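# Report on the structure
For reference, the chains in residue letters:
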Amino acid sequence: MILELDCGNSFIKWRVLDVNKVGASAEGVVGSDVALIETLEALPGLLLTRCRMVSVRAPEETNKLIAALEEAFGVTVCCAVSSREMAGVRNGYEDFERLGLDRWLAMLGGFKLAAGPCLVLDFGTAATADFIAADGEHLGGFICPGMPLMRNQLRTHTRKIRYDDAAAERALERLSPGRTTVEAVERGCTLMIRGFVLTQLELARAYWGDDFTVFLTGGDADLVWDAVPQARLVPDLVFVGLAMACPLS
Ligand SMILES: Nc1ncnc2c1ncn2[C@@H]1O[C@H](COP(=O)(O)OP(=O)(O)O)[C@@H](O)[C@H]1O
Ligand SMILES: CC(C)(COP(=O)(O)O)[C@@H](O)C(=O)NCCC(=O)O
Ligand SMILES: [K+]
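Nothing here was measured: the structure is a model prediction, and the numbers come from that model. (Residues numbered from 1 in each chain as written. Chains lettered and ligands numbered in written order. Predicted model: local features only at pLDDT ≥ 70, side-chain atom pairs only at ≥ 80, totals over all residues. Heavy atoms only, no water.)

## Here's the deal with the sheet that holds strand E5 (residues 77-79)
Within a sheet, neighbouring strands are paired by backbone hydrogen bonds and run either parallel or antiparallel to one another. Selection rule: One bridge is not enough; two strands pair if DSSP finds at least two bridges between them. A helix here means a DSSP run of H or I that spans at least four residues, while a strand means a run of E at least two residues long, and both kinds are numbered starting from the N terminus. With axes taken as lines fitted to C-alpha atoms, and helix axes fitted only over the stretch in contact, angles between N-to-C directions fall between 0 and 180 degrees.
Reading across the sheet, the five strands line up as E3-E2-E1-E4-E5 and stay open at both edges, with mixed pairing between neighbours. Only two strands of the sheet have a single partner each, and these edge strands are strand E3 (24-30) and E5. Adjacent strand axes in the sheet meet at a mean angle of 15° when their direction is disregarded. Sheet topology note: the strand E1 (residues 2-7)/strand E2 (residues 12-17) ladder contains six bridges and is antiparallel. Counted as the bridge partner of Ile2 is Leu17 from E2.

## Some details on the confidence of the model for the protein
Using the following cut-off: Across the chain, each position has a pLDDT score giving the predictor's confidence in that residue, from 0 to 100.
When the pLDDT values of the protein are averaged, the result is 97; 100% of them are 70 or greater. Of the two predicted TM-score estimates for the complex, the pTM is 0.97 and the ipTM is 0.98.

## Focus on the site of ligand 2
So the rule is basically this: For this purpose, a residue is taken to be near a molecule or strand whenever a single non-hydrogen atom of the residue falls within 4 Å of it. Two N or O atoms form a polar contact when they lie within 3.5 Å of each other; inside protein one atom must be a possible hydrogen donor and the other a possible acceptor, and for residues adjacent in sequence the pair counts only when both atoms belong to side chains. Methods summary: accessible areas were calculated by the Shrake-Rupley approach with a probe of 1.4 Å, and residue burial reflects only the protein chains presented.
Surrounding ligand 2, one finds 13 residues, the nearest of these being Asn9, Tyr93, Gly100, Asp102 and Arg103. At a separation of 2.8 Å, an oxygen atom of ligand 2 approaches a polar backbone atom of Gly100. For ligand 2, whose free accessible area comes to 470 Å², the fraction covered by protein is 77%. Counting residues per element, the ones that place at least two in the shell around ligand 2 are helix H3 (101-114) and strand E9 (126-132).

## Observations regarding the packing of helix H4 (residues 147-156) against helix H6 (residues 181-208)
Where we set the bar: Should an angle lie under 35 degrees it is considered roughly parallel, over 145 roughly antiparallel, and from 65 to 115 roughly perpendicular; all remaining angles are considered oblique. Crossing handedness: left-handed means the near helix sits turned counterclockwise from the far one by under a right angle, and right-handed means the same turn made clockwise. Pairs of residues are marked as contacts when any of their non-hydrogen atoms sit within 4.5 Å. When residues are grouped by polarity, Ala, Val, Leu, Ile, Met, Phe, Trp, Tyr, Cys and Pro land in nonpolar, Asp, Glu, Lys and Arg in charged, and all others, Gly among them, in polar.
In contact at an axis separation of 10 Å, H4 and H6 are set at 135° when each is read in the N-to-C sense. It follows that H4 is oblique to H6 by the angle criterion. You can see that H4 and H6 cross each other, and the crossing is right-handed. When H4 is examined against H6, the residues Met147, Met150, Arg151 and Leu154 are found in contact with a partner set consisting of Val185, Glu186, Cys189, Thr190, Met192 and Ile193. Among the residues making up the contact of H4 with H6, the classes are represented as seven nonpolar, one polar and two charged.

## Some thoughts on the site of ligand 1
Selection criterion: Residue ranges for the domains originate in an automatic or database domain assignment.
The environment of ligand 1 is formed by 13 residues, the closest being Ser10, Phe11, Lys13, Thr125 and Asp220. One of the backbone nitrogen or oxygen atoms of Ser10 is found 2.9 Å away from an oxygen atom of ligand 1. Classifying every residue of the shell around ligand 1 by side-chain character gives four nonpolar, seven polar and two charged. Among the domains, domain 1 (1-78) and domain 2 (89-144 + 186-235) are the pair contributing at least three residues each to the shell around ligand 1.

## Focus on the UniProt feature "binding site: ATP" (unreviewed entry) in the protein
Put simply, the rule is: UniProt positions are given in the numbering used here, feature names are shortened, and annotations may be inferred rather than shown by experiment. Each residue's exposure class comes from its accessible area (1.4 Å probe, protein chains only) as a fraction of the maximum for that residue type: buried when under 20%, exposed when over 50%, partly exposed otherwise.
Under the feature "binding site: ATP" (unreviewed entry), the UniProt entry names Asp6, Cys7, Gly8, Asn9, Ser10, Phe11, Ile12, Lys13 and Thr125. These annotated residues cover 120 residues of sequence, and their C-alpha atoms all fall within 13.2 Å of one another, placing them together at a single site. Structurally, the position occupied by Ser10 is in the loop between E1 and E2. Using a relative accessible area of 27% as the deciding quantity, one classes Ser10 as partly exposed. When sequence neighbours within four positions are dropped, the list of residues in contact with Ser10 reads Gly31, Arg57 and Thr125. Within the secondary structure layout, Phe11 lies in the loop between E1 and E2. Excluding residues that lie within four positions of it along the chain, Phe11 makes contacts with Asp6, Val29, Val30, Gly31 and Arg57.

## Side note on unusual backbone geometry
The phi dihedral of Ala87 falls on the positive side, at around 50°, and the residue is not glycine. Following the sequence through the fold, Ala87 ends up in the loop between strand E6 (85-86) and strand E7 (89-90). Although it is not a glycine, Ala115 sits at a positive phi angle of roughly 50°. Tracing the chain through its elements places Ala115 in the loop between H3 and strand E8 (118-123).

## Here's the deal with the environment of Leu36
Within the secondary structure, Leu36 sits in helix H1 (residues 33-41). The class for Leu36 is buried, based on a relative accessible area of 0%. Through-space distance from the C-alpha of Leu36 to that of Met192 is 32 Å; in sequence the pair is 156 residues apart. For Leu36, the residues in contact, after removing those within four places along its chain, are Leu5, Ile12, Trp14, Val30, Leu65 and Leu69.

What follows is the structure, given as structure tokens:
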């Protein structure tokens, strides 16, 4: 069984692949290293042989998690690393190592699935957009605050914006102008993210006309999905790229 991990700034996404099965045999989202190890230890019949990981966290944090996994499960961990070029995609950053590894892997996955020009949009702690041309050239991208950062900034820097998660979820059933604080904030931030998406689509059209694929991924991708009906929602896009960057024979 192979353990796959995507360590973002807020959450660790994990899944277990069983060579004898199609798709993941178990998967989840956890908030900490400890929660990850506990969750995995509670899985019946887990026999890990390999592990591959991508992390956008600090090296010390990532190394600590790797050590904990090796100790708990006796597996060696293959970590995705930056590269200038892979699977036909050329990293467009001036300094290729500075491009977030989650972005790089989602790009590799997107270009493989699209086999043509694509726009990769990822909605996590940050929202990111990356443009990959038909020849695999990464034209660059954009980073802006994602939903968690936008709502936290409003809460931290105001006195009167306070509400709970359940109210936030209810507020997003519609996007009409808010009549309560929670509606006004949740819908306002959602519209900002959607505005970001529409601007990326305009740019993609300017480059490629109508001939491109849009990928949506990240924990908040479903907040924008209905604004981009032509997009492909691929929650595991980073994992698609991870398997390419860390092939395990
Ligand atoms: N099961 C889940 N657990 C936690 N967050 C989730 C879950 N499903 C969706 N989300 C949303 O995903 C967002 C975080 O996205 P994610 O891609 O995990 O971020 P990051 O990669 O930066 O850690 C949160 O704002 C939350 O609203
Ligand atoms: C842009 C990001 C913060 C996104 O992280 P996430 O929201 O997935 O946790 C991450 O890809 C990152 O730290 N990138 C390094 C900076 C860059 O890509 O230019
Ligand atoms: K991410």
